[in-house]
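Here's the letter readout for the chains.
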Amino acid sequence: MRIPLIVGNWKLFKTLSEATGLINELKPLIGEIRDVEIVVAPVFTAISSVSAAAAGSPIRVAAQDCYWEPEGAFTGEVSPQLLKDAGCSHVIIGHSERRQYFAETDATVNRKTQAAVAAGLTVLMCVGETLVQREADATFTVLEAQVRGGLEGISDDLLRHIVIAYEPVWAIGTGKTATVEQAQEVHAFIRNLLARLYSQSEADTTRIVYGGSVKPENVAGLMSQPDIDGALVGGASLKADSFAKIVGFHV
Ligand code: 13P
């Protein structure tokens, strides 16, 4: 009922030729996989080239952020409408690196999410606790505030265009993956929260993906969990062979 979703977040890596080269390497490796939704998120400058390189393949393209206004005097910003125009179907919003380094808050995540879904993009809304918060037993409080804040004012209809990405900050780029049990516990908590905020059927159809040191070696274990519907992959998405192995976790 929930189609698995594997997203490669390329962060601030890859020139135009490296980005299109990676797509061209990925296409034959991914082959006929059609039962997994596959998305890559290049830097803004590579979006249209990557979209063109991915045309005709199952690979879809995400941006790593967006602004909430469609146009105007907002130097340096990119709107959801322009992302669609460049070939995006998805956008990552609220990544912990943006929260940590670029002053992203639950309120800006909410505005961006509203604008992006209204423009017809699928949003990957990121949430996650820091190590300090986990050690202070604040994980669920932090996540509840992030999910409630990010989804404020979002109707059932719009929720269908949102994927929640749980990325414990302490597991990002550290090689330290949450254990399968830790990840499943949080995913179940988020699904339960969605059931409280919306309804059980909305909660059952919303995808919740995990991110944080996902690799070919650990993806199958994570994906075997009942509430883990996919992965948001950083480092291991930068090479065709490891990303293709993650996409093919079930074959
Ligand atoms: P890593 O897979 O490199 O830990 O990064 C995770 C991430 O932040 C994906 O958005």
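Our subject in this report is the structure included herewith.

The rules we used
- Residues numbered from 1 in each chain as written.
- Predicted model: local features only at pLDDT ≥ 70, side-chain atom pairs only at ≥ 80, totals over all residues.
- Heavy atoms only, no water.
- Near = heavy atom within 4 Å.
- Polar contact = N/O pair within 3.5 Å; in protein donor to acceptor, adjacent residues only side chain to side chain.
- Areas by Shrake-Rupley, 256 points an atom, 1.4 Å probe, with all protein chains shown as cover.
- Helix = DSSP H or I, 4+ residues; strand = E, 2+ residues; numbered from the N terminus.
- Buried < 20%, exposed > 50% of the residue type's maximum accessible area, 1.4 Å probe, protein only.
- Phe/Tyr/Trp six-rings, centres within 6.5 Å; stacked < 30°, edge-to-face > 60°.
- Pairing = 2+ DSSP bridges.
- Axes fitted to C-alpha atoms, helices over the stretch in contact; angles between N-to-C directions.
- 1 Å grid on protein atoms, 1.4 Å probe; cavity = no way out; pocket = protein on both sides within 12 Å on 5 of 7 lines; lining within 4 Å.
- Points joined across faces, edges and corners; volume = space filled by probe spheres on them.
- Nonpolar A, V, L, I, M, F, W, Y, C, P; charged D, E, K, R; others polar.
- Salt bridge = Lys/Arg side-chain N within 4 Å of Asp/Glu carboxyl O.

Around the ligand there are 13 residues in total, and K11, H95, G173, S213 and G235 lie nearest to it. Between G235 and the ligand, the recorded distance is 2.8 Å, taken from a backbone N or O atom to an oxygen atom. When the ligand is considered free in solution it has 310 Å² of accessible area, and contact with the protein chains removes 95% of it.

With phi around 60°, A103 is a residue other than glycine that occupies positive phi space. With respect to the element layout, A103 can be found in the loop between α4 (96–101) and α5 (106–118). A positive phi angle, near 55°, is found at S213, a position not held by glycine. Its relative accessible area of 14% is what places S213 among the buried residues.

Moving on to the packing of aromatic side chains. With the rule as written, the count across this model stands at 5 aromatic pairs. On the basis of an interplanar angle of 50° and a centroid distance of 5.1 Å, the ring pair of Y67 and F74 is categorised as tilted. Accessibility expressed as a relative area gives 13% for Y67, which makes it buried. Accessibility expressed as a relative area gives 35% for F74, which makes it partly exposed. An aromatic cluster of three or more residues is present, and its members are Y67, W68 and F74.

The next thing to look at is the pairing of strand β4 (residues 90–93). Along β4, one buried face is formed by H90 and I92 and the opposite face, lined by V91 and I93, is buried too. Two elements, strand β3 (residues 59–63) and β4, share 2 bridges in a ladder whose sense is parallel. Paired with A63 across the bridge in β4 is V91. As paired elements, β4 and strand β5 (residues 122–127) share 4 bridges and run parallel to each other. In the strand pairing of β5, I92 is matched with L124.

What follows is about the side chain of E129. Looking at where E129 falls in the secondary structure, it is placed in the loop between β5 and α6 (131–135). Side-chain polar atoms of E129 contact the side chain of R134, separated by 2.7 Å.

In spatial order, the strands read β1-β2-β3-β4-β5-β6-β7-β8; together these 8 strands close into a barrel with parallel pairing. Pairs of neighbouring strands in the sheet enclose a mean axial angle of 25°, with direction left out of account. As paired strands, strand β1 (residues 5–9) and strand β8 (residues 230–233) are joined by 4 bridges and run parallel to one another. Looking at the pairing, G8 lines up with V233 of β8.

In this section: empty space enclosed by the protein. Per the counting criterion, the structure on display carries 1 cavity of 30 Å³ or more. Roughly 40 Å³ of volume is contained in the largest cavity. Lining the largest cavity we find G94, H95, S96, R99, C126, V127, G128, Q146 and E167. If you list the elements that add at least two residues to the lining of the largest cavity, you get α4 and β5. The class makeup of the residues in the lining of the largest cavity is 2 nonpolar, 5 polar and 2 charged.

Here we come to the environment of G56. For G56, the position within the fold is in the loop between α2 (47–54) and β3. Among the residues examined, G56 registers a relative accessible area of 82% and is labelled exposed. Each C-alpha atom of the pair G56 and K27 lies 9.7 Å from the other, and the pair is 29 residues apart in sequence.

Bringing the pattern of salt bridges into the picture now. All told, the structure shown has 15 salt bridges when counted by the stated rule. One salt bridge in this structure joins R160 and D157, with 3.1 Å as the shortest N-O distance. A single burial state applies to R160 and to D157, both of which are exposed. For R191, the salt bridge identified is with D229, shortest N-O distance 2.8 Å. Within this pair, whereas R191 is found in helix α9 (residues 180–197), its partner D229 is found in the loop between α11 (219–223) and β8, the two being separated by 38 residues in sequence. Among the charged side chains, a network of salt bridges with common partners joins R2, R191, D227 and D229.

Shape is all these values report; function is a separate question.
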